[in-house]
Amino acid sequence: MSEIITNGAGTAPIGYTVGEDLVDRAAPDGPIETRWTRRKFAAKLVNPANRRKHRIIVVGTGLAGASAGATLGEQGYKVIQFCYQDSPRRAHSIAAQGGINAAKNYRNDGDSVRRLFYDTIKGGDFRARESNVHRLAEVSVQIIDQCVAQGVPFAREYSGLLDTRSFGGVQVQRTFYARGQTGQQLLLGAYQALSRQIDAGNVEMHPRTEMLDLIVIDGRARGIIARDLVTGKVSTYMADAVVLATGGYGNVFYLSTNAKNSNASAIWRACKRGAYMANPCYTQIHPTCIPRSGDHQSKLTLMSESLRNDGRIWVPKKAGDTRPPDQIPEHERDYYLERIYPSFGNLVPRDIASRAAKNVCDEGRGVGPGGLGVYLDFADAIRRMGEDKVREKYGNLFEMYERITGENPYKVPMRIYPAIHYTMGGLWVDYDLQSTVPGLFVIGEANFSDHGANRLGASALMQGLADGYFVLPPVIGNYLAQAKLVPADVDSPEAREAYDRSTERLERLLAVNGDRTPDSFHRELGQLLWDYCGMARNEAGLRKALARIPELREEFWQRVKVPGTGAELNQSLEKANRISDFLEFAELLCLDALHRAESCGGHFREESQTPDGEALRDDENFAYAAAWEFTGVGSPPVLHREQLKFEEVHLAQRSYA
Amino acid sequence: MKVTLRIWRQSGPDESGKLVDYQMDDVNPDMSFLEMLDVLNERLILNGEAPVAFDHDCREGICGSCGMVINGMPHGPQTLTTTCQLHMRTFSDGDVIVVEPWRSAAFPIIKDLVVDRTAFDRIIQSGGYISVATGSAPEAHSQLVPKPDADLAFENAECIGCGACVAACPNGSSMLFVSAKVSHLNVLPQGQPERETRVLRMVEAMDLEGFGGCTNTGECTNACPKGIPQASIARLNREYLRASLSGRR
Amino acid sequence: MLALWRSTIGKKAVMAVTGLAMLLFLIAHMLGNLKIFFGREEFDEYAHWLRTVGTPVLHNAWFLWISRALLVVCVVLHIVSAYQLSRRDLSARPKGYAHRLRPTASYATNTMRFGGIILALFIIYHLLDLTALVANPNGVEGAVYDNVVADFQHWYIALAYIVAMLALCLHIAHGFWSAARTLGAVSSATRARVYKAVAGTLALIISVGFLATPIGVMSGLVD
């Protein structure tokens, strides 16, 4: 079966073909509550004495990567680990603020593994796999125990017990937190566990080293090509299995809350080697970020959503109103969330708040530089609670806002605007977190598995640590015990081919010597995606983007200018190399968004909405995960559908009106 | 606004470097310091010159990647602020801004403003952890932690490992960094079994890296973007002397 | 113990303990000096008594010699530690900043090394002056009062003593508080303020007490 979608402009066909459905064969059937237990029991074990003989490559040292490296090293495997940062402690998990969910039910408020499972499936807008999500909920309980034992300083009550709060619109208090720095504290815990294994000689750590390609021999992942970012030396590393823990692809939008160097190169190059990319159009947008202040803006900073609890969001009623906020009288203000969603008001879910902000800005009613912002006003809260109370509750966020904008939010309303924050899509994996390339495992944000079309607050940290500490180790052992691998050689033709391809690409980038900086392309790509594949998407816009991306890619390879050489610390080369991947990946992102002619979670298609303007799912036609097989740059990928079965949770429409 | 940047340029670890002046004519006060360097680098690339290498990543003050000494102040003139969160409105039109890398024998320069801080990683590897095998942890509530202890641990665990303390110290000492980790782990009940070995091993590793000694000048705390208190150094001293005299190893 | 001595913190602890021991000595020394205001007879008698302290348990002057030995050990350990730590500190930053680091610490803190050298030189001179008597204008053994008074008849000797006492003041102001911290005693910001105040007061009392003698002589209060 095959269908081709061509782009409206009638130029080269931008489309896809449909291949066979994909089935996850790793998950056991039967009662969902015991699937993970049964999977672990069925898994083949590697004799502890033999583990040392198995080399495992782990790329990335965020929550997922560091916890995986630490655990595998501790179990006796020989781990070779990589990160592009100068230290594993700097991975971007460190920036997560809110908290981590766990079904501990310490509050006795009716929480349970079942409820966390249910909330996650529903929050993901019914586009995640039930088996995986249930396992995540089960494992969540162990994560807290592990982290507490490691010395993670979670917030505590005066009794000495752990404190929890409710987060992200759920009705139970299951979120554990360490002030606004939960990600930092959890990552440092994992980093310290990893450091212990490095000291013990179980993990060989390569900081400032970036993966360039995946080596696949006889259909199995057997190694990677990586570049030492200090010396520029490109090396080949062989192993028995490869684990990617390289995070999400939010930086394809240029401006996002991701770290500047976060990138999609590892997962994209794995995709080019045969790993399917699933649901790339599922991107999450966070409504309360600090807006850009000008063209120089290099990244966006998120402020905790909790601000919406007491702040009121508004814009002027009149388009093009440039008066300062204190001169706009009450009756000329539009508290649009309170107006449109009277029952939830300013507390509607992330995607709804984000789209509403975009809509008012599109109407020309946005505030601040470029009209890309809305007010988040605490004047009422200050009147009601007093400034001291507001300071006590939000003081550190207000300080952060003032540091960045130079404005005092106690006097002038804050300005906020939505920004790309997290990507639910990623490499397709089965229940064993194994991609379509045997021996290639993908964990954390880099895979597509647990959040469906939308991630709940405080669930990213949970998933990263679940994958790394508890899920990956038994299933990777099962693979190694059964794979019957022959020794892989750095001089094998496949390894040499991958090495040559990587170095040639770097040489090509250096050889163009054009007249545009790498960043100028990244900014242009980001703007294009934000305009046509951002908060709200429609067919015409996506087609426009799909027509423009190949042109931009072409231009990139004609005009990019990368100074210096490959044999030194060359940050422009690193950047250009990542951007070259974004320019390829972006096309798949838009294609996936175009093909999914429904709205769900973080993917909003304007064609598919209820009369009230809410996201309208099409379960009849789209209750599947879309896994894309790469066939060549610019050539139509193959769509493999994994049909999603909902046996435990019944499909239902979200409503917040 | 206009500023003159005087930046340390050094093309490699073994090369000699020098300060080079760059005139910036169109600086937006709302730019962050690093965004201003981005603008400079774009210009340098188009002019066929080598852009200024500097470490940065999250740009929201938490990853600890960035760090440069600005006019003799690590992370610049604003207290409790990393370089990435420093904005140009802190400076005045016509300012000359001297930008240098962290200077420490233990942090060799790689290029321009980029230094090698793996010494910090090796110190953590020597003992900056609590040994707990994955899956072996007891139920989280089986051990209560008094809130003041938990808060104290947190205050110290906030360290982002940027190295500003070393850069600021007239002796190039890393005591504040080490004391933050020792304080974090040694005040918690979970950290007690390894209390002595941890501090002994970490101090030994610290000394091996070639950092200087502490003379209690307090420059580290004043430069620390996370405000790790100087009291932590007193605690490190106490823990170390106590462990040394206990005879445990 | 050897590992302790080899570590930077161990050496700092040695400096702290020896520094505190010397501080105790200085307090006693300063109080003894003040006896000069009670006249020649009482002062010389006190000086003589110092040789007989501890008798008859100890032989004549043994206490004095034991004390001197202990002080020498303290001074040597203090200086050796300071020297080794300073060398280490200097090599920890082989290349300095082009734009000088902007110090936020006090003058006392930043002049410990320099002040220490001044004090070391002063101690040598002081011993030659009033113990060995070779550098004293009067230089008569047993005539302690006259020797002291003879010293401060000369403005340059008085100046040397005054400068040294100011250096001592600064050294103690940072040294006492730093020693407390090095020995782990200052565990909060509130206590830090208390220790700093104590350090400042001690430094002031000791240096004023010592300065009383040259000023007394020069002003004619003592002659």
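Residues numbered from 1 in each chain as written. Chains lettered and ligands numbered in written order. Predicted model: local features only at pLDDT ≥ 70, side-chain atom pairs only at ≥ 80, totals over all residues. Heavy atoms only, no water.

**Focus: helix α7 (residues 265–272) of chain A**
Residue and element names in this part refer to chain A. Taken across its eight residues, α7 has eight buried, putting it largely inside the fold. When we look at burial in α7, the residues that qualify are Ser265, Ala266, Ile267, Trp268, Arg269, Ala270, Cys271 and Lys272. Looking one or two places after α7, you find Gly274, whose phi comes out positive at around 120°. (Buried < 20%, exposed > 50% of the residue type's maximum accessible area, 1.4 Å probe, protein only. Helix = DSSP H or I, 4+ residues; strand = E, 2+ residues; numbered from the N terminus.)

**Comments concerning the domain arrangement of chain B**
Residues and elements named next belong to chain B. For chain B, the assigned domains are domain 1 (3–111) and domain 2 (118–246). The distance between the C-alpha centroids of domain 1 and domain 2 comes to 29 Å. Contact with domain 1, which involves 15 residues of that partner, is made by 17 residues of domain 2. The interface formed by domain 1 and domain 2 holds zero salt bridges in total. (Domains from an automatic or database assignment. Contact = heavy atoms within 4.5 Å. Salt bridge = Lys/Arg side-chain N within 4 Å of Asp/Glu carboxyl O.)

**Quick word on the interface of chain C and chain B**
With 38 residues of chain C at the interface, the matching set in chain B holds 46 residues. Of the roughly 3300 Å² buried at the junction of chain C and chain B (both faces included), carbon and sulfur atoms supply 53%. Interface area lost by chain C to chain B is led by Ile9(C), Tyr97(C) and Arg181(C), which between them contribute 19%. Where chain C touches chain B, the interface holds one salt bridge. Summed over the shared surface of chain C and chain B, the number is 29 residue pairs in polar contact (both at pLDDT 80 or more). Considering only residue class, the side of chain C that touches chain B consists of 15 nonpolar, 14 polar and nine charged. (Buried area = accessible area lost by both parts, 1.4 Å probe. Polar contact = N/O pair within 3.5 Å; in protein donor to acceptor, adjacent residues only side chain to side chain. Nonpolar A, V, L, I, M, F, W, Y, C, P; charged D, E, K, R; others polar.)

**Digging into the interface of chain A and chain B**
Taken together, the contact between chain A and chain B spans 78 residues of the former and 76 residues of the latter. Both faces combined, the contact of chain A with chain B buries some 6300 Å², and carbon together with sulfur accounts for 51% of it. Mapped by element, the contributors of at least two residues to the side of chain A that touches chain B are α3 (63–74), α5 (130–150), α6 (182–199), α11 (387–405), α12 (460–483), α14 (518–533) and α16 (571–595) of chain A. Ranked by the residues each element gives to the side of chain A that touches chain B, the list is headed by α6(A), at nine residues. Across the side of chain A that touches chain B, the residue classes break down as 27 nonpolar, 29 polar and 22 charged.

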